[in-house]
Amino acid sequence: QHFCGGFIITNRWVGCAAHCTINRTPATTFTVVGAHNRITGGTTIPTARIVNHPGYVSSTLANDASLVQTSQDIVFTALVAAIPIGSAHVDTHTGAVVSGWGQTSHPGSAAANLQFLHANIITNADCRSRLSATQALRIGDSKICLLSPNGQGLCMGDSGGPLVANGAVHGIVSWGVPCGTAAPDMFCRVSHVHGWMTGVIAS
C-alpha cells in the first residue's frame, strides 16, 4: 500500500519525510522504483535501515526529513535515476516541479498515475503572511514554501516527495492546509538538512 513518496539520492539511499517514516520499520517498508502507475509495474526493493532526522519535531514538523537505505542496489535505467540534493538556500523560484501519487480530490483516493505540478517557490516571509498566526509559527528555517494556483497543490499521499528546481531537490513534501486551496504548501528545506543527509549517506 502506497503511503508516501520519495526520491533517489544514490543507488542505496532514498530521501523521504520523517513524518512518513518515524513509526515504520524496515521490515514493513519498501521502495518501488521505475513505475509511473502506483498499482502496477516497477521494481520493489526491501529496506535495510531508516534514519529519521534527529531534530525532527512532530508538533511543528521541523526538520521533516528522513533517509531510507535499501538492502540492495537500485539499478539505474532510462526510468530510474538519482537526483542531486540542493545545498544552496533558495528564496524564490518560478516553475518549480512537485510530483506524487497523492489524492487528486479530498476526500478521495490516491492517484493511479504519477501527477506533477509546476508552481512557484515563495519566501518564508510571504508564506507566513498567507497563513494563520498559528500556522505561520511553524514556518522556520527548516521550511520552504510553494504557492500553487487555486484548485491545485499537494494532498494526502504526496508527503515525502520531491520539490525540484534547477535540476535538484530543494524541498520534501511536509504539510499543507486544505488540499488545492490558494494557501501555500510546505516542505522541509533540503539545504537546511543537506549536511545531515550527506553525513548519514557517507557513514
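It should be noted that the structure appears before, not after, this text.
Structure report, in brief. (Residues numbered from 1 in each chain as written. Predicted model: local features only at pLDDT ≥ 70, side-chain atom pairs only at ≥ 80, totals over all residues. Heavy atoms only, no water.)

What follows is about the nonpolar core. Ranked by internal contacts, the top residues of the largest apolar core, which has 19 residues, are Phe7, Leu67, Ile172, Trp196 and Met197. Contributions of two or more residues to this core are made by strand E2 (13-16), strand E10 (168-176) and helix H4 (190-202). The element best represented in this core is H4, accounting for 5 residues. Look past the residues within four positions of Leu67 in its chain and what remains in contact with it is Ile9, Trp13, Val14, Gly15, Arg49, Ile50, Val51, Trp196, Met197, Val200 and Ile201. Judged by nonpolar contacts, the second largest core, of 13 residues, contains Val90, Ala96, Leu117 and Leu154. (Core = buried A, V, L, I, M, F, W, Y, C linked by side-chain atoms within 4.5 Å. Buried < 20%, exposed > 50% of the residue type's maximum accessible area, 1.4 Å probe, protein only. Helix = DSSP H or I, 4+ residues; strand = E, 2+ residues; numbered from the N terminus. Contact = heavy atoms within 4.5 Å.)

Overall, antiparallel pairing links the 5 strands, which are arranged E1-E2-E5-E4-E3 in an open sheet. Taken across any chain shown, the strands that pair with only one partner, and hence form the sheet edges, are strand E1 (7-8) and strand E3 (30-33). For E2 and strand E5 (residues 66-70), the ladder comprises 4 bridges, and the chain directions are antiparallel. When the sheet's bridge partners are listed, Val14 is paired in E5 with Val68. Most of the contacts of H4 go to E5, to which it runs at about 20 degrees, and overall it touches E1, E2, strand E4 (43-52) and E5. (Pairing = 2+ DSSP bridges. Axes fitted to C-alpha atoms, helices over the stretch in contact; angles between N-to-C directions.)

Here we take up the sheet that holds strand E8 (residues 143-147). As summarised here, the arrangement of the 6 strands in space is E6-E7-E8-E11-E10-E9, forming a closed barrel in which the pairing is antiparallel. Adjacent strand axes in the sheet meet at a mean angle of 45 degrees when their direction is disregarded. The pairing of strand E6 (residues 93-100) with strand E7 (residues 115-122) spans 6 bridges and is antiparallel. Residue pairing across strands places Gly100 opposite Gln115, the latter belonging to E7. Packed on one face of the sheet, H4 meets E10 and strand E11 (185-189) and runs near 35 degrees to E11.

So, about the packing of aromatic side chains. Counted under the stated rule, the structure contains 0 aromatic pairs. It is Arg24 that lies over the ring of Phe3; its NZ or CZ is 3.7 Å from the centre. Across from the ring centre of Trp175, 4.0 Å away, lies the NZ or CZ of Arg138, which sits over that ring. (Phe/Tyr/Trp six-rings, centres within 6.5 Å; stacked < 30°, edge-to-face > 60°. Lys NZ or Arg CZ within 6 Å of the ring centre and 35° of its normal.)

Right, let's talk about the pattern of salt bridges for a bit. Inspection of every chain in the model, using the stated rule, returns 2 salt bridges. A salt bridge links Asp126 to Arg130, with the nearest nitrogen and oxygen atoms 2.9 Å apart. Under the relative-accessibility criterion, Arg130 is labelled partly exposed at 41%. (Salt bridge = Lys/Arg side-chain N within 4 Å of Asp/Glu carboxyl O.)

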